[in-house]
Number of protein chains: 2
Amino acid sequence: MAVGQSIPRVDAFAKVTGEAKYTADLVPANAYVAKIVRAPVASGWVRGFDLTEAQAVPGVVRIFTCFDVPDIQFPTAGHPWSTVPSHQDICDRKLLNAHIRVWGDEIAVVVARDRISAERAARLVKADIEVLPALSTPDEAMAPGAPCLHEEKPGNVVVHSQFHLGDGTFDEAAATPGAVVVSGHYSVPAVQHCHMEPVHSFAYMEGQKITVVSSTQIPHIVRRVCGQALGIPWSRVRVIKPYMGGGFGNKQDVLVEPLAAWLTTQLGGHAVNIELSREEVLGCTRTRHAFDWDVQAVASPDGTLLARTYCAKSNQGGYASHGHAIAANAANVFKQCYRDRVSLDSESYTVYTNRPTAGAMRGYGIPQGCFITEALTDDLAYALGMDPLEFRLKNCVQAGYVDPHNGITMHAYGLDQVLEKGRAAIDWDAKRRLYQNQTGDRRRGVGMALFTYKSNVYPISLETASCRMMLHEDGRVTVQMGATEIGQGADTVFTQMAAESIGLPVDAIDIQSVQDTDVSPFDTGAYASRQTYVSGMACKMTGESLRGKILDYAAGMLERSAEGLTITDGQIVDETGQTVLTVADVGMESCYSLTNSRHLTAEETYHCEQNTFATGACFAEIEVDLALGQIHVLRLVNVHDSGRLINPKLAEAQVHGGMSMGLGYALSEEMLFDDACKPLNANLLDYKIPTAMDTPKLEALFVEVDDPTGPYGNKALGEPPAIPVAPAIRNALLHATGVSVHSLPLTPQKLIEHFRAAGLLGGEDHV
Amino acid sequence: MAVGQSIPRVDAFAKVTGEAKYTADLVPANAYVAKIVRAPVASGWVRGFDLTEAQAVPGVVRIFTCFDVPDIQFPTAGHPWSTVPSHQDICDRKLLNAHIRVWGDEIAVVVARDRISAERAARLVKADIEVLPALSTPDEAMAPGAPCLHEEKPGNVVVHSQFHLGDGTFDEAAATPGAVVVSGHYSVPAVQHCHMEPVHSFAYMEGQKITVVSSTQIPHIVRRVCGQALGIPWSRVRVIKPYMGGGFGNKQDVLVEPLAAWLTTQLGGHAVNIELSREEVLGCTRTRHAFDWDVQAVASPDGTLLARTYCAKSNQGGYASHGHAIAANAANVFKQCYRDRVSLDSESYTVYTNRPTAGAMRGYGIPQGCFITEALTDDLAYALGMDPLEFRLKNCVQAGYVDPHNGITMHAYGLDQVLEKGRAAIDWDAKRRLYQNQTGDRRRGVGMALFTYKSNVYPISLETASCRMMLHEDGRVTVQMGATEIGQGADTVFTQMAAESIGLPVDAIDIQSVQDTDVSPFDTGAYASRQTYVSGMACKMTGESLRGKILDYAAGMLERSAEGLTITDGQIVDETGQTVLTVADVGMESCYSLTNSRHLTAEETYHCEQNTFATGACFAEIEVDLALGQIHVLRLVNVHDSGRLINPKLAEAQVHGGMSMGLGYALSEEMLFDDACKPLNANLLDYKIPTAMDTPKLEALFVEVDDPTGPYGNKALGEPPAIPVAPAIRNALLHATGVSVHSLPLTPQKLIEHFRAAGLLGGEDHV
């Protein structure tokens, strides 16, 4: 059995030895360097340029401004194309923009023979800019008289949506005798992905073909968006995705590829390289959406959840990118985690502002939604005087849950086991008792948060994936996925599935880590935790198809029927258990038979019309230093129900990575801006991600309930680990101190203010 | 109709603009440079090395000698693998060899950080060599007591073969009353391919995978030979073939790829680059075989060919490479061109010597065989006092000819039309009369030669080819061939076939010029003029398969049956001739349908068990300057029967290139050696290929007789144009002067000797 084993990553050796080729390793030596000239304001209009000094810099090849680019608006979100125009992404930007909507907006680009010349000339480009007021928040942007960012959206609201579930109303529920109501305003800030490898693409031409080599999660979507942006047939663009150092959703946006593709067309097909600096990546690509919520919840005295209302404002920044899809997904957490017996009202606004454009980031709205849901849930349990875990067990969704809007079904149910496993692991009941009624400067608490997460985007959007396999003369098989390895271990998991489905040892599988849209099977890419579930099924189907062809060919060699033949560990075995041939025998003969050569390959598409929920929870134990306003995380335990694990060690590593992101989201990460929307900490010195020193032992536990819809009983695990950590720590803080903090991150500054307001620091100023 | 049109080469733009990436364009900037240390003698044993000085050169990384390499012997010929051991190529060399068999034999290799250091250190490697006598000719090598080059072949004969055809004997035929007999010793020298791009490969590793990027005609065979040479599973090697600047058979040998592959395994997977210098390519790779023949022919007085005997000695050089296959093929010309009414006796020896290893070169023995056959034919006609064209018409093979040994059949017959078309074009009858009985220092003549040529290697060896196609969203199709574009225009021809078979305009086809053995369809490669005939059929089959899938999908979209739907110029047309959808509609829907996405690709293998003969002739008109011993070619007309032409302009260009090679073979090209087998002219200053100044207007004419076995009525055209030129010029010389020269090239030195011997120069020395 290849599936279920903790084999080492298939790319481990190539990566640790430096043999793996990343985009930066593939840039031709003579490539031109393109440096983007960025707006020094967040809102305004470029009225003209003075390029005299910039053009005089030796080494400059050409300078292009926002007045030179095609008058074509295009989208950047990494969504599958839709043939239905109303479902297509918003086309609200050009390659370079005269209308400045974000600080650092792309207004011109210098192409030079080397980086130094390009950067020097970019600094010397003089833009005449009419500055407009910058809008920081949805409220400012929705205020009457606010400047309009995109004329197609007067009032700056990208989309407003709402739904009502249940037969009653919140007010009816609140009228229940003894009902406990909580309400409040909650918020989360914009944060950044901080992938290790920067945003990097280069492009060149051969004949009519524009090749874009890019560190992207979504090569097939990049090809389409480049085609749209340049106004050319999509397959005139070829996208190659090499090894990657992470993306986390930022590379599920099409960031610099269309500009690179266009530049090479303007420069005789010469290679043009665009590698963003760390500062550009942090300040000028995409962020996780900041959200503001006004919410309320009511429960009956026995802790039965009756009703909630939810009003979200999602800060979109200057361009639509993934837009309202994030707010819509965030709203799902309310209904998909708990049962409101009376009603649930949800309203969401996604609003353009002059903050950096928000896009996809691990969890796609759910980390935000989970923070508010789980904070609200704990605040309600606290008001009820009820154990928050007991409250959850009483009110969370049950086996067989079906989302009333889209029909997504919880085919397998492990949430109850998840909660019990976490309860035991953190010693919940004893700790909850132990940490009651603490006094003193250092107080401890335990908290938890749960989540549910769907395993792909069906039926909201298309789910499709293809795979191709080829048998070689030595019995080894190459596997081509359209799905992408971006650092998460996808290639290892597909290798195991391919081996399992054909009947080969895993070391007989050669997976192609590089996608090339000209020849790789079609797939929409790495997002929505979809690949193991959706693309994995394409892999399994293709492996089974290839196995059938191998057995058919073997039967021909043996002059018998294929019925009764199987493949085990590379051996072809008959009904009696006897090895009658090897797969290598078939590989050799199929290529070199003088009477019947037939190259054995298989290719299958999985059109996926299934979805299912993964679930999980985080349990945190913390110690709070009241005087320093500091949270020390003592233990952090994630428990996941992601169905059957294809590779337990890899699953554990995936959980560790997500927990680390959750820890930063909880305690330290936030993008800071001045009033003019200029980023203040767009670098890794001032933007605080957790270091090894900040990180406790990360504990990952699993509940393996086979899901009948996954290729091998598996379901989503990619994004989930990042989701529940921040609210679990926030809820542990509530337990330790009784202080309900309504926003992230839980910085010392913020905590000191709360502790002072709560009287925990006495009259003295501890600072 | 895409087939039959003279569309421009699909790679023309990329090549003339320099956008096309050749092997040299892809070498990583930090690649190590490997410089081969070559033996300064042609025969001997390396007893040891002193590497002290070489290792002290700054920049040297490692030096490997013949004592360091794996003790594995491997072959280098670009033949398909055979699962039958007796049909496998001779394994007679290691990566580096202590037993020196050729001048410049690879005895060590220096790996350095740069070319200068590598070359400097290579010059400082000191080898202790025991020198043996060098054997120049088969006669020397077959003499008793000659040193043995390979212990597996005592006596140095690689293979000796013979056959007899006919019911009688030569002596019986010669006893015919009035019979005319001619006999003689004829010979051709070794020549070199002189491809524009040198031999060049580099290799690197990612994990367990060794990637070899190489300018090769035969990527799948290179992979196999690298696997053999390194003793590893073949698919651990991945071969990538970029754009290429020619090969002409030299790159149908596996020359430096195994060494590059092995070196990277010894250097932690670091890229290692081996680019041979022009001098190494000319002196130390492969040559066209030199041949010696003793032959005789007899005809009845009316010009009926009765019998011939043929004894060939093929000078193999130091290693087997393609070995006896060349001599065997050369012997075919006798039987496949003319009908001996009484008997034909053939005997061939392929013999190891210490000359450079001979391998495949355009025509694979047939240019040599055609020279001797056609020289002998003209000498016989001359002796008979008969017009040599009339003699040929009387004795050449007829429609329906079947080779008695292998059953290859002349399915379509255009030889008669070829001869008549050439006769008319050169104004044969008038010129033959006009140039009779000339006197003076400048004399003119017309001569001709014919040939037949099979269209692939079946049934001597395996013929198999695969193709894959993929439909994109915009209705364009990428085509992946295992067959290789090496400069000859294969990609253009396949593009036309793909367009024709699917029903698309040619500009909707994107052919992939780069082969990658990990993912490209399987094919044995560019040789034997096979690709248009064999691989073209795979292309056609795949196109028809894809067309069927497109129509099926379209039928689903239209909710009707596919019966009656066709594709014309990218439009899907129904029974009434109405356009009902476009292929682009299907492409888009098949990728993005929310209910039925199914990525449309097709992949087919053509297992070829067909062959057929192409034919042709060259007609030459020359003027001979007796005093200077110089031949001026006034007109050169090739007429070809290659079945239907896929692209007439490309066919014409192919013929022009072949004629140019034939011209050099006729007049100036030969490799020269000293007695110790050291090359004397292994550079393009001293080795004389024709320049534009040496080249007359090249005239290409065609007879298009559809062949029922070719994919579109087509048959071999790749090698044939080079075949008949040299004997046609040689025969024109006979016509002009009455001098029968028995060897090539027809240099001034040689001609002066012949003219003096024939008394044409009088008693004076003109020099």
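Rules of the game
Residues numbered from 1 in each chain as written. Chains lettered and ligands numbered in written order. Predicted model: local features only at pLDDT ≥ 70, side-chain atom pairs only at ≥ 80, totals over all residues. Heavy atoms only, no water. Core = buried A, V, L, I, M, F, W, Y, C linked by side-chain atoms within 4.5 Å. Buried < 20%, exposed > 50% of the residue type's maximum accessible area, 1.4 Å probe, protein only. Helix = DSSP H or I, 4+ residues; strand = E, 2+ residues; numbered from the N terminus. Contact = heavy atoms within 4.5 Å. Buried area = accessible area lost by both parts, 1.4 Å probe. Salt bridge = Lys/Arg side-chain N within 4 Å of Asp/Glu carboxyl O. Pairing = 2+ DSSP bridges. Expected span 1.5 Å × (residues − 1). Axes fitted to C-alpha atoms, helices over the stretch in contact; angles between N-to-C directions. Disulfide = S-S within 2.5 Å. Least-squares fit on C-alpha atoms with pLDDT ≥ 70 in both. UniProt positions renumbered as here; feature names shortened; annotations may be inferred.

If you check an unreviewed UniProt entry, chain A appears there as Aldehyde oxidase/xanthine dehydrogenase a/b hammerhead domain-containing protein from Butyricicoccus pullicaecorum 1.2.

Trainee: I'd like to hear about the nonpolar core, residue by residue, with values.
Mentor: With 113 residues, the main nonpolar core has Phe619(A), Leu636(A) and Ile729(A) as its most contacted residues. Counting residues per element, this core draws most heavily on helix H11 (residues 366-384) of chain A, at nine residues. Grouped together as the second largest cluster of nonpolar side chains are 112 residues, Val188(B), Ile366(B), Ala716(B) and Ala732(B) included.

Trainee: Which residues make up the interface of chain B and chain A, and what values do they have?
Mentor: Between chain B and chain A, the residue contacts involve 57 residues of the former and 58 residues of the latter. Interface area, chain B with chain A, both sides summed: about 4,900 Å², of which 52% is carbon and sulfur. Run the count over chain B and chain A and you get six salt bridges. The closest approach of N and O atoms between Asp510(A) and Lys209(B), which form a salt bridge, is 2.5 Å. Residue assignment for the side of chain B that touches chain A shows that the elements contributing at least two residues are helix H1 (12-16), strand E9 (200-206), strand E17 (464-471), strand E18 (477-481), strand E19 (509-512), helix H17 (583-592) and strand E24 (601-607) of chain B.

Trainee: I'd like a description of the pairing of strand E18 (residues 477-481) of chain A, backed by residues and values.
Mentor: Residues and elements named next belong to chain A. For E18, the buried fraction is high: five of the five residues fall into the buried class. When strand E17 (residues 464-471) meets E18, the two strands line up antiparallel, connected through five bridges. Counted as the bridge partner of Arg-468 is Gln-480 from E18. Between E17 and E18, which pair antiparallel one after the other, the connecting turn spans five residues, and Gly-475 there sits at a positive phi close to 85°.

Trainee: Which residues make up helix H10 (residues 324-337) of chain B, and what are the values?
Mentor: Residue and element names in this part refer to chain B. Taking 1.5 Å of rise per residue, 14 residues should cover 20 Å, and H10 covers 21 Å from first to last C-alpha, within 8% of that figure. The element H10 is extensively covered by neighbouring structure, given that 12 of its 14 residues are classed as buried. The complete set of buried residues in H10 reads His-324, Ile-326, Ala-327, Asn-329, Ala-330, Ala-331, Asn-332, Val-333, Phe-334, Lys-335, Gln-336 and Cys-337.

Trainee: I'd love a proper account of the sheet that holds strand E9 (residues 200-206) of chain A, names of residues and values included.
Mentor: Residues and elements named next belong to chain A. The strand order E3-E5-E1-E12-E9-E10-E11-E20 describes an open sheet built from eight strands, whose pairing is mixed. Of all strands in the sheet, those with a lone pairing partner are strand E3 (60-65) and strand E20 (515-516), marking the two edges. Two elements, strand E11 (residues 237-241) and E20, share two bridges in a ladder whose sense is antiparallel. Looking at E20, one finds that Lys-241 is bridged to Gln-515. Across the sheet, helix H4 (residues 115-124) is in contact with strand E1 (32-38), E3 and strand E5 (106-112); its angle to E1 comes to roughly 20°. The strands that helix H8 (residues 257-266) touches are E1, E3, E5, E9, strand E10 (209-214) and strand E12 (272-275); relative to E9, the one it contacts most, it runs at about 30°.

Trainee: Got a sec to walk through the sheet that holds strand E2 (residues 44-50) of chain A? Specific residues and values, please.
Mentor: Hydrogen bonds between backbone groups are what pair the strands of a sheet, and the pairing can be parallel or antiparallel. Residues and elements named next belong to chain A. Spatially, E4-E2-E6 is the arrangement adopted by the three strands of the open sheet, whose pairing is antiparallel. Either end of the sheet is taken by a strand with one partner, and the two such strands are strand E4 (99-100) and strand E6 (126-131). With two bridges connecting them, E2 and E4 associate as antiparallel partners. The partner of Trp-45 across the bridge, within E4, is His-99.

Trainee: Outline the state of the cysteines, listing residues and values.
Mentor: Taken as a whole, this structure holds zero disulfides over all chains when the rule is applied. Looking at Cys284(A), it has no disulfide partner, and the nearest cysteine sulfur is the one in Cys677(A), 13 Å off. Of the cysteine sulfurs around Cys618(B), a residue in no disulfide, the closest is that of Cys370(B), at 9.4 Å.

Trainee: Report on the relation of the copies chain B and chain A, specifying residues and quantitative values.
Mentor: Of the two same-sequence chains, chain B is brought onto chain A (RMSD 0.0 Å, axial shift 0.0 Å) by a rotation of 180°. Those values place the two copies in the arrangement expected of a two-fold rotation axis. Identified as the residue of chain B closest to the rotation axis by C-alpha distance is Ala29(B), at 3.3 Å. Taken as a fraction of all interface residues of chain B, those also at the interface in chain A reach 100%, which identifies the copy contact as same-surface.

Trainee: Account for the UniProt feature "domain: Aldehyde oxidase/xanthine dehydrogenase a/b hammerhead" (unreviewed entry) in chain A, naming residues and giving values.
Mentor: Residues given the UniProt feature "domain: Aldehyde oxidase/xanthine dehydrogenase a/b hammerhead" (unreviewed entry) here are residues 17-133 of chain A. Summarising residues 17-133 of chain A: 15% helix, 30% strand, and an end-to-end C-alpha distance of 51 Å.

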